Amino acid sequence: MSAPTTKPSRNFALPATLTALALGAVLAALLLWRPSRPEVSIGVEGTRVVEIAGPRLFAAPFTPGDALAVRIASAEPIPGGYRYDLRYMAFGPGQHDIGKSLRQPDGTPAPPLGEFAVSVPALIPEKHSGELYDTPSSKIDLHTNYTLLMRLAWGLWALLLLPLAWYGHRWRRRTAPQPPAPSIIERLRTLLRQASQADLTAAQQADLEQLLLAYWSRRLNLAEGRLSEMIDQLRQHPEAGPQWNRVERWLHSRFDPAEGVAKDLLKDLEKLN
């Protein structure tokens, strides 16, 4: 009887799935994460979201010498007007009115919109005398954590491998190797031992004839052909002929007792092998 093989436990899928989901969530968070925007100063773009009633407005084109450049990132319709996502960049310190940089569809300035003032600090102190002074050296800050993110990604990937390796090792230990299939001579011996103790079923008798034919066909290197021709060759052989004839009489005419025929055939097979 072949040893049963153990299938991998369903518990294997749960830790691996949870680890994969956690890894995917962390990687998605890392991809969606963006560093915080720096403080708005001269040359740095700022953001202002406002709601303005009336028709849709457009940003005035920038011309050299303007203290403020304004663009509209998006304009969403709302009841009675639009919600604007305004982006601005100042080229000088002080108070700047974003509303003055908006235009109506015909190009005329927008009506007074109230104050959309933004304050941009100066880069140099107000009372700075213009003297140069040494500053401490600092590392270049590109506002990224590439090294940290890659270490986290590799660490999470390694954690995902741990349950896979552990459960795979346990599964390989529990899986029993498949025994080799019994040979023709072994199957013949099994059927003959059973026949010496009890009657064979019709299916077992048919198997016995087929196994005996296959055994002698291989032993005598008989060419494959018609079944009747192979049986005639067996009957003419000095060793195979008596065995085949006796098995036919035993199975088809019940001339010989099963117990005696089976024991005699077992003895003959032991002598030949």
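Every value quoted in this text rests on a predicted model; they were computed, and no experiment measured them.

Rules used throughout
Residues numbered from 1 in each chain as written. Predicted model: local features only at pLDDT ≥ 70, side-chain atom pairs only at ≥ 80, totals over all residues. Heavy atoms only, no water. Helix = DSSP H or I, 4+ residues; strand = E, 2+ residues; numbered from the N terminus. Buried < 20%, exposed > 50% of the residue type's maximum accessible area, 1.4 Å probe, protein only. Contact = heavy atoms within 4.5 Å. Pairing = 2+ DSSP bridges. Phe/Tyr/Trp six-rings, centres within 6.5 Å; stacked < 30°, edge-to-face > 60°. pLDDT = per-residue confidence, 0-100. Core = buried A, V, L, I, M, F, W, Y, C linked by side-chain atoms within 4.5 Å. Axes fitted to C-alpha atoms, helices over the stretch in contact; angles between N-to-C directions. Parallel < 35°, antiparallel > 145°, perpendicular 65-115°, else oblique. Left-handed = near helix turned anticlockwise from the far one by under 90°. Nonpolar A, V, L, I, M, F, W, Y, C, P; charged D, E, K, R; others polar. Salt bridge = Lys/Arg side-chain N within 4 Å of Asp/Glu carboxyl O. Arc of directions from axis to C-beta. Polar contact = N/O pair within 3.5 Å; in protein donor to acceptor, adjacent residues only side chain to side chain.

**Student:** Please provide a residue-by-residue account of the overall build of the chain, values included.
**Tutor:** A tally of helices and strands in the chain yields 7 helices and 7 strands. Along the chain, from the amino end to the carboxyl end, the secondary structure elements read α-β-β-β-β-β-β-β-α-α-α-α-α-α. Every one of the 273 residues in the chain was classed for burial, and the buried ones make up 26%. Considering only contacts within the chain whose residues lie at least 6 apart along the sequence, 63% involve residues at least 24 apart.

**Student:** With reference to specific residues and values, describe the pairing of strand β4 (residues 81-90).
**Tutor:** The element β4 is largely enclosed, with a buried count of 7 among its 10 residues. The pairing of strand β1 (residues 46-53) with β4 spans 8 bridges and is classified as antiparallel. What sits directly across from A53, in β4, is G81. Two elements, strand β3 (residues 68-78) and β4, share 10 bridges in a ladder whose sense is antiparallel. From the neighbouring strand, A69 faces β4, where its bridge partner is M89.

**Student:** Summarise the packing of aromatic side chains; cite the residues concerned and give the values.
**Tutor:** As enumerated under the stated definition, the model contains 3 aromatic pairs in all. Between Y82 and Y84 the ring centres are 6.1 Å apart and the planes differ by 45 degrees, which places this aromatic pair in the tilted class. Here Y82 falls in the partly exposed class, since its relative accessible area comes to 22%. Between W154 and W157, the ring centres sit 5.6 Å apart and the planes meet at 85 degrees, which makes this aromatic pair edge-to-face. Of the two residues, W154 and W157 are both situated in helix α2 (residues 146-174); the distance of 3 residues between them amounts to about one turn of the helix.

**Student:** Give a detailed account of the confidence of the model for the chain, specifying residues and quantitative values.
**Tutor:** Taken over all residues, the pLDDT of the chain has a mean of 76, while the share at 70 or more is 73%. Mean pLDDT values over the elements of the chain span from 64, in helix α1 (residues 13-32), up to 92, in β3. Low pLDDT, under 50, characterises residues 1-10; the predicted model gives this stretch 15 contacts beyond four residues in sequence or across chains.

**Student:** So what's going on with the nonpolar core? Residues and values would help.
**Tutor:** By size, the foremost hydrophobic cluster in this structure holds 26 residues, and its most contacted members are L188, L192, L208, Y215, L234 and W250. Every element with two or more residues in this core is listed here: α3 (184-195), α4 (202-219), α5 (227-236), α6 (240-253) and α7 (258-272). The contacts of L188, once residues within four sequence positions are left out, are L208, L211, L212, Y215 and L269.

**Student:** Just give me the short version of the sheet that holds β1, but keep the residues and values in it.
**Tutor:** Reading across the sheet, the 3 strands line up as β1-β4-β3 and stay open at both edges, with antiparallel pairing between neighbours. On the outer flanks of this sheet lie β1 and β3, each paired with one strand and no other. Here the average twist between neighbouring strands, direction ignored, is 25 degrees.

**Student:** Would you mind going over the packing of α3 against α4 in detail, with residue names and values included?
**Tutor:** Put simply, α3 and α4 touch, their axes get as near as 10 Å, and they point 140 degrees apart. Taken together, the axes of α3 and α4 lie oblique to each other. The crossing of α3 and α4 is left-handed. Contact residues: I184, I185, R187, L188, L191, L192 and Q194 in α3; Q204, D207, L208, L211, L212, A214, Y215 and R218 in α4. Each residue belonging to the contact of α3 with α4 can be placed in one class, and the counts come to 10 nonpolar, 2 polar and 3 charged.

**Student:** Tell me about the pattern of salt bridges, and please be specific about residues and values.
**Tutor:** Close approach of charged atoms allows side chains with opposite charge to pair. Here the structure, examined in full by the defined rule, presents 4 salt bridges. A salt bridge links E51 to R83, with the nearest nitrogen and oxygen atoms 2.9 Å apart. One end of the pair, E51, is in strand β1; the other, R83, is in strand β4, with 32 residues separating them in the sequence. Look at E51 and you get exposed, because its relative accessible area is 51%.

**Student:** Go over α5, please, and point to the residues and values.
**Tutor:** If you check which residues of α5 are buried, you get M230, I231 and L234. Down the axis of α5, the buried set is contained in an arc of 100 degrees. They therefore lie on one face.

**Student:** Hey, could you go over the environment of F116 for me, with residue numbers and the actual values?
**Tutor:** Looking at the secondary structure, you find F116 in the loop between β6 (102-103) and β7 (117-120). Taking the C-alpha atoms as reference points, F116 and H96, 20 residues apart in sequence, are found 8.0 Å from one another. Excluding residues that lie within four positions of it along the chain, F116 makes contacts with R48, V50, I52, H96, D97, I98 and G99.

**Student:** So, the side chain of D85: which residues are in play, and what are the values?
**Tutor:** In this structure, D85 sits in strand β4. There is a polar contact of 2.8 Å between the side chain of D85 and the side chain of R87. Apart from the residues within four sequence positions on either side, D85 is in contact with T47, R48, V49, R71, I72, A73 and S74.

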